Amino acid sequence: MKAKFRNTSGSKSGLIYSDPYLNLVRSIFERAIYDLIIESGEGSLKKARADAASFFFNVGSPYYSSFREWCELTGFSHIFWQQKAMMFVARKIYRDPSFEKVFKKYLHNPAVLAKIKTFVKILRKRTCWDIY
């Protein structure tokens, strides 16, 4: 049984928040991260990936403003969640380099793509690590 911790920064993974509202928002963020790296590119899965990319990275989209509002309401760090999403995408590109071409279709922010490429380079340098 895990102990309950009140952690509003979102900086520790695997913690159970004492407030159910914080768990709900964390779950929404994690679902959006997993939507970024959906395996298949068919139908509604394409829309889910596009919406998730807009949610975390496309500053002009209404999804991004919702993301920032959720972070402000809960006290979560938006930078932490963006970097977590970038690392998931980088890990997916590291494992399947063809995914980079797929992901570029949904990303409209070149600075984010540059950061993701940096994360991929870091993963490639650390080839002795078993990346899960």
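In this text, all values refer to a predicted model and were calculated from it rather than measured experimentally. (Residues numbered from 1 in each chain as written. Predicted model: local features only at pLDDT ≥ 70, side-chain atom pairs only at ≥ 80, totals over all residues. Heavy atoms only, no water.)

**Q** Before we move on, could you go through the pattern of salt bridges and cite the residues and values that matter?
**A** For the structure shown, the criterion picks out five salt bridges. Between E30 and K84 there is a salt bridge; the shortest N-O distance is 3.6 Å. Taken together, the positions of E30 in helix 1 (residues 20-36) and K84 in helix 4 (residues 78-95) put the pair 54 residues apart, joining distant regions of the chain. For E30, a relative accessible area of 23% translates into the label partly exposed. (Salt bridge = Lys/Arg side-chain N within 4 Å of Asp/Glu carboxyl O. Helix = DSSP H or I, 4+ residues; strand = E, 2+ residues; numbered from the N terminus. Buried < 20%, exposed > 50% of the residue type's maximum accessible area, 1.4 Å probe, protein only.)

**Q** Kindly report on the environment of F29, identifying the contributing residues and their values.
**A** Tracing the backbone shows F29 in helix 1. F29 has contacts with F55, F56, F67, W70, C71, F76 and W81, leaving out every residue within four places of it along the chain. (Contact = heavy atoms within 4.5 Å.)

**Q** Give a detailed account of the nonpolar core, specifying residues and quantitative values.
**A** L36, F56, F57 and I116 are the most contacted members of the largest nonpolar core, which totals 33 residues. At seven residues, helix 4 tops the list of elements feeding residues into this core. Dropping the residues within four chain positions of it, F57 is found in contact with L36, Y64, Q82, A85, M86, F103, L107, N109 and V112. (Core = buried A, V, L, I, M, F, W, Y, C linked by side-chain atoms within 4.5 Å.)

None of this, on its own, says anything about what the molecule does.
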